[in-house]
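Survey of secondary and tertiary structure
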Amino acid sequence: YGLIQGGDGLVAGAGILVAGGTSEIVNLGQLVSGAGGRNYGIRNDSGIIQSLTNSQGGSSTAALSYYGDLPDTYDIVLKSATSYGQLAVGSSGSSQEMTVGVSSLTTDYSTRTYADVITGVDAEDITNETVVFKAAKGVLAAVDNSSWRDPSAPDTSWDLRLWNYGADVAAPLQFLLD
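A brief look at the structure comes next. It should be emphasised that the depicted structure is a prediction, and the values quoted were computed from it without experimental measurement.

Some thoughts on the overall build of the protein chain
Of regular secondary structure, the protein chain possesses one helix and 14 strands. A buried classification covers 43% of the 178 residues belonging to the protein chain. Long-range contacts, defined here as pairs at least 24 residues apart, represent 67% of the contacts in the protein chain between residues at least 6 apart. Per element, the accessible surface of the protein chain, about 8600 Å² overall, is 53% carbon and sulfur.

Right, here's the structure in full:
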């Protein structure tokens with residue numbers, strides 16, 4: 001829930017440096033780089049990140065910056081229309097494909113589009129791009145290229161589209177029946 005900031009220098013500048021092994025990372029606060037060049041909130045130099053859960057981002061906080069091979073799964077925490085996980089990837093050519101999901105730590109399942117939840121990632125590196133998946137009971141989601149919303153958006157920018165059909169369809173129908 002707090003702030004982790006990297007130090008100064010090329011290696012020590014990452015908020016979290018993954019230098020080997022297998023890890024799972026849950027970011028519910030802020031991971032930011034320190035001073036120096038090529039620094040990121042998370043830098044994966046030679047490890048395997050099985051899962052990354054992230055709530056950092058939205059209009060009030062900068063996206064989590066990331067470098068290196070992608071995590072196996074990336075789960076986005078949705079807190080509000082202005083506070084949700086965003087991942088800004090500064091590397092290309094990952095040897096790992098990533099599956100995107102909605103974290104069970106989510107507190108807001110409202111129907112909306114969460115803009116630019118992932119930037120800097122090609123379609124071939126996302127296993128479930130444009131596939132509708134279950135985000136929660138009564139909630140569907142899809143990761144879609146941002147160009148549907150903004151034709152000038154790069155093809156490496158992705159939105160999360162969430163549809164809470166339980167609240168949007170079932171609740172009004174129940175009211176009508178009552």
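Focus on the sheet that holds strand β8 (residues 73-76)
Strand order in this open sheet of four strands is β3-β6-β8-β10, and the pairing throughout is parallel. Sheet topology places β3 (22-27) and β10 (99-102) at the edges, where each strand pairs with a single neighbour. Across this sheet, the average inter-strand angle for adjacent strands is 15°, counted without regard to direction. As defined by bridge partners, β8 adjoins β10 across four bridges and the pair is classed as parallel. Each bridged residue has a counterpart across the sheet, and for Ile 76 the counterpart in β10 is Val 102.

As for the sheet that holds strand β11 (residues 112-119)
Taken together, eight strands build an open sheet; the order of strands is β2-β5-β7-β9-β11-β14-β13-β12 and the sheet is mixed. Single-partner strands in this sheet number two, and they are β2 (16-18) and β12 (133-136). Direction aside, neighbouring strands of the sheet carry axes that sit 25° apart on average. When strand β7 (residues 64-68) meets strand β9 (residues 87-89), the two strands line up parallel, connected through three bridges. The residue of β9 that forms the bridge with Leu 64 is Leu 87.

Thresholds, definitions, all that
Residues numbered from 1 in each chain as written. Predicted model: local features only at pLDDT ≥ 70, side-chain atom pairs only at ≥ 80, totals over all residues. Heavy atoms only, no water. Helix = DSSP H or I, 4+ residues; strand = E, 2+ residues; numbered from the N terminus. Buried < 20%, exposed > 50% of the residue type's maximum accessible area, 1.4 Å probe, protein only. Contact = heavy atoms within 4.5 Å. Areas by Shrake-Rupley, 256 points an atom, 1.4 Å probe, with all protein chains shown as cover. Pairing = 2+ DSSP bridges. Axes fitted to C-alpha atoms, helices over the stretch in contact; angles between N-to-C directions.

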